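# Structure assessment
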Amino acid sequence: MDRKKINTIEMVRKIRDEHAKRLEGKSRTERIAFYREQAKKMEGKVATLLKEKA
C-alpha cells in the first residue's frame, strides 16, 4: 500500500483562505450558519467513511 504525503499546513491555509473569501462581508450570523452547515456536511462524510471501513 502506497502512503500519501499530506502537507497539512498548506491544506489548512488553503481552506482558511477559501473560507475568508467566501465569508468576506458576511455578518456574524451568516458566518456561524456557514460553519454549522460545513460541520453537518463533514459529519455525514465521516459517518459514510466509517460505514465503508466496517
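The preceding data block contains the structure.
Residues numbered from 1 in each chain as written. Predicted model: local features only at pLDDT ≥ 70, side-chain atom pairs only at ≥ 80, totals over all residues. Heavy atoms only, no water.

### Description of the packing of helix H1 (residues 8-23) against helix H2 (residues 28-53)
- Two elements in contact, H1 and H2, have axes whose closest approach is 11 Å; the angle formed by their N-to-C orientations is 135°. In this view, H1 runs oblique relative to H2, as classed from their interaxial angle. The way H1 lies across H2 gives a crossing that is right-handed. Where H1 approaches H2, its residues His19, Arg22 and Leu23 are matched on the opposing element by Arg31, Phe34, Tyr35 and Gln38.
- Partitioned by chemical class, the residues of the contact of H1 with H2 number 3 nonpolar, 2 polar and 2 charged. (Axes fitted to C-alpha atoms, helices over the stretch in contact; angles between N-to-C directions. Helix = DSSP H or I, 4+ residues; strand = E, 2+ residues; numbered from the N terminus. Parallel < 35°, antiparallel > 145°, perpendicular 65-115°, else oblique. Left-handed = near helix turned anticlockwise from the far one by under 90°. Contact = heavy atoms within 4.5 Å. Nonpolar A, V, L, I, M, F, W, Y, C, P; charged D, E, K, R; others polar.)

### Concerning a nonpolar patch on the surface
- Together, Ile6, Met11 and Ile15 give the surface a local cluster of nonpolar side chains, amounting to about 290 Å² of exposed area.
- Within the element layout of this structure, Met11 appears in helix H1.
- The partly exposed category is assigned to Met11, whose relative accessible area is 42%. (Patch = residues over 30% accessible without salt bridge, like charges linked within 9 Å, V, L, I, M, F, W, Y side chains within 5 Å. Areas by Shrake-Rupley, 256 points an atom, 1.4 Å probe, with all protein chains shown as cover. Salt bridge = Lys/Arg side-chain N within 4 Å of Asp/Glu carboxyl O. Buried < 20%, exposed > 50% of the residue type's maximum accessible area, 1.4 Å probe, protein only.)

### Description of the environment of Glu24
- Tracing the sequence through the fold places Glu24 in the loop between H1 and H2.
- Taking the C-alpha atoms as reference, Glu24 lies 33 Å from Lys4; in sequence the two are 20 residues apart.

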